[in-house]
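# Fold and geometry: a report
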Amino acid sequence: MRNLIKLAGILLCTIVFCSCSKKAVTNGFSLENAEPVGEMELMYATQFSVEYYENDISLVTVSDGEKYLLVPENEAVEEIPNNITLIRTPADNIYLAASSAMDMFFGIGAEGNVRATATLERDWALSEVKEAMANEDILYAGKYSAPDYELILSEGCGLAIESTMIYHKPEVKEHLQRLGIPVLIERSSYETHPLGRLEWVKLYGLLTGREEEAERLFSEQSELLNSITQSGSTGKTAAFFYISSNGYAVVRKPGDYVSRMIELGGGEYIFSPEELNVDENAQSTINMQFEVFYSEAAMADVLIYNSTIDGGMDNLSQLTEKNSLLSEFKAVRSGDVWCTDKNMFQQTTGAAEVIRELNLIFTGEAEDDMEYFYRLK
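The shown structure was predicted, so the numbers you read here are calculated from the model rather than taken from an experiment. (Residues numbered from 1 in each chain as written. Predicted model: local features only at pLDDT ≥ 70, side-chain atom pairs only at ≥ 80, totals over all residues. Heavy atoms only, no water.)

## Details of the layout of surface pockets
As a volume, the second largest pocket reaches approximately 200 Å³. Residue lining of the second largest pocket: 14 residues in total, with Asp 56, Ser 58, Thr 89, Leu 206 and Glu 211 positioned closest to the centre. Of all the elements in the fold, those that place two or more residues in the lining of the second largest pocket are β2 (48-53), β3 (57-62), β4 (67-72) and α7 (201-208). Counting residues per element, the lining of the second largest pocket draws most heavily on α7, at 3 residues. (1 Å grid on protein atoms, 1.4 Å probe; cavity = no way out; pocket = protein on both sides within 12 Å on 5 of 7 lines; lining within 4 Å. Points joined across faces, edges and corners; volume = space filled by probe spheres on them. Helix = DSSP H or I, 4+ residues; strand = E, 2+ residues; numbered from the N terminus.)

## So, the packing of helix α9 (residues 257-264) against helix α15 (residues 351-363)
Interhelical geometry of α9 versus α15 gives an angle of 55 degrees and a closest axis separation of 8 Å. In terms of their interaxial angle, α9 and α15 are classed as oblique. Helix-helix and strand crossings are classified by hand; for α9 and α15 the assignment is right-handed. For the pair formed by α9 and α15, the contact residues are Met 261, Ile 262 and Leu 264 on the first element and Ala 351, Val 354, Ile 355, Leu 358 and Phe 362 on the second. Here the residues of the contact of α9 with α15 are counted per class, giving 8 nonpolar, no polar and no charged. (Axes fitted to C-alpha atoms, helices over the stretch in contact; angles between N-to-C directions. Parallel < 35°, antiparallel > 145°, perpendicular 65-115°, else oblique. Left-handed = near helix turned anticlockwise from the far one by under 90°. Contact = heavy atoms within 4.5 Å. Nonpolar A, V, L, I, M, F, W, Y, C, P; charged D, E, K, R; others polar.)

## Here we look at the nonpolar core
Counting residues in hydrophobic clusters, the biggest one holds 115 residues, and the most contacted among them are Ile 161, Phe 271, Phe 293, Leu 319 and Phe 373. For this core, the element with the most residues is α15, which contributes 8 residues. Excluding residues that lie within four positions of it along the chain, Phe 271 makes contacts with Ala 239, Val 251, Pro 254, Leu 276, Met 288, Phe 293, Glu 296 and Ala 297. In this structure, Tyr 53, Leu 69, Ile 80 and Ile 84 belong to the second largest nonpolar core, which totals 10 residues. (Core = buried A, V, L, I, M, F, W, Y, C linked by side-chain atoms within 4.5 Å. Buried < 20%, exposed > 50% of the residue type's maximum accessible area, 1.4 Å probe, protein only.)

## Focus: the sheet that holds strand β1 (residues 38-39)
Overall, mixed pairing links the 5 strands, which are arranged β1-β2-β3-β4-β5 in an open sheet. A single partner strand is all that each edge strand has here, and the edge strands are β1 and β5 (84-89). Inspection of the sheet shows β3 paired to β4 by 4 bridges, in the antiparallel sense. When the bridges of β4 are listed, Val 60 appears paired with Tyr 68. (Pairing = 2+ DSSP bridges.)

## A look at the pattern of salt bridges
For the structure shown, the criterion picks out 12 salt bridges. Between Arg 115 and Glu 155 there is a salt bridge, with its nearest N and O atoms 2.9 Å apart. You can see Arg 115 sitting in strand β7 (residues 114-117) and its partner Glu 155 sitting in the loop between α4 (149-154) and β9 (160-162), a full 40 residues away along the chain. The class for Glu 155 is partly exposed, based on a relative accessible area of 26%. Here Asp 368 and Lys 377 are joined by a salt bridge, their closest N and O atoms 2.8 Å apart. Its relative accessible area of 33% is what places Asp 368 among the partly exposed residues. (Salt bridge = Lys/Arg side-chain N within 4 Å of Asp/Glu carboxyl O.)

## Concerning the confidence of the model for the protein chain
For the protein chain, mean pLDDT is 90; residues scoring 70 or higher make up 91% of the total. Across residues 1-26 the pLDDT falls below 50, and counting only partners more than four positions away or on other chains, this stretch makes 1 contact in the model. (pLDDT = per-residue confidence, 0-100.)

## Let's talk about empty space enclosed by the protein
Applying the stated criterion to the full structure yields 2 cavities of 30 Å³ or more. There is about 80 Å³ of room inside the largest cavity. In terms of lining residues, the largest cavity is bounded by Pro 194, Arg 197, Leu 198, Tyr 257, Met 261, Met 344, Phe 345, Gln 347, Thr 348, Gly 350, Ala 351 and Val 354. Elements with a minimum of two residues in the lining of the largest cavity: α6 (194-198), α9, α14 (343-346) and α15. For the lining of the largest cavity, the element with the most residues is α6, which contributes 3 residues. Across the lining of the largest cavity, the residue classes tally to 8 nonpolar, 3 polar and 1 charged. Here the second largest cavity is characterised by a volume of approximately 40 Å³. In terms of lining residues, the second largest cavity is bounded by Asn 93, Ile 94, Tyr 95, Arg 115, Ala 116, Ala 141, Leu 151, Ile 152, Glu 155 and Cys 157. In the lining of the second largest cavity, the residues fall into 7 nonpolar, 1 polar and 2 charged.

Take a look at the structure:
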């Protein structure tokens, strides 16, 4: 009997030892058993959130339902659910297919974390990005829809950041993941507040270990915006548009971040959701028959021509050549027609500066040639 008791004790100790040994082997961070210790403070962004855990671990949740667990490179982690993507931080050799995010990486000094882009050098308006590509510090690795997988792998890509355009090419995302490259789909373009788009810089700071730089950049822009909005509305109405190759007037949707910029700058966007019967699709623009555009926008105090698509123009004559009816618009007759520079859309970190220039336009204090807008004469 004593021998049986002794044997049972040995077996019990063995089981306990094995259990403890197994726990030691897998003794890493477990999301299932962990409790968050805080969350990222966001002022304007609504398309993502971040929960903080111990040991610099974070859980990022994006509004499309995707979740990303950010874990430092040397931190052990237990198996995580299949619906959560593991990203090791600081993320390095990033393939950045979402072009609107590039300026934020440069803005916080994290351009060294970006190794490849999906935009050709000639298509960048940002001089520092063009220079980095000319020096091969950043490489062109193919369009988002047809990336150069061999190049991306050879450069040791630790993360691919895609825009929502990747939804049209799900096989690309799946292939990157099969190659062991985590894919983060950013949705800053869905933010309706201009500083909501910029606030994604906090996520990129978290990914690259540049949280302080990101917070400082965002705070500077927030303070500038607050100083602009204190003066309120000027009562000036404005239309933001371009003329397509088939003659349509293409305008921004009311309520999107461009129309919000106009309103924050003291203007009033001349189109309303009710008049345009705006739907909820992902498109940021609406095609209007020119006759409808004329009836809605002819009396706008200010016209702003979006040069992103056709490269812009130099004078009013080039504008009215697109449609002779433009010569009858109030803003054309008064000379209050402005054109965007291409960097307005690529220089995401300058959101408050864009709003400041809009404010100068609406108050009549603008110079004819500024950083983001220039007057057509």
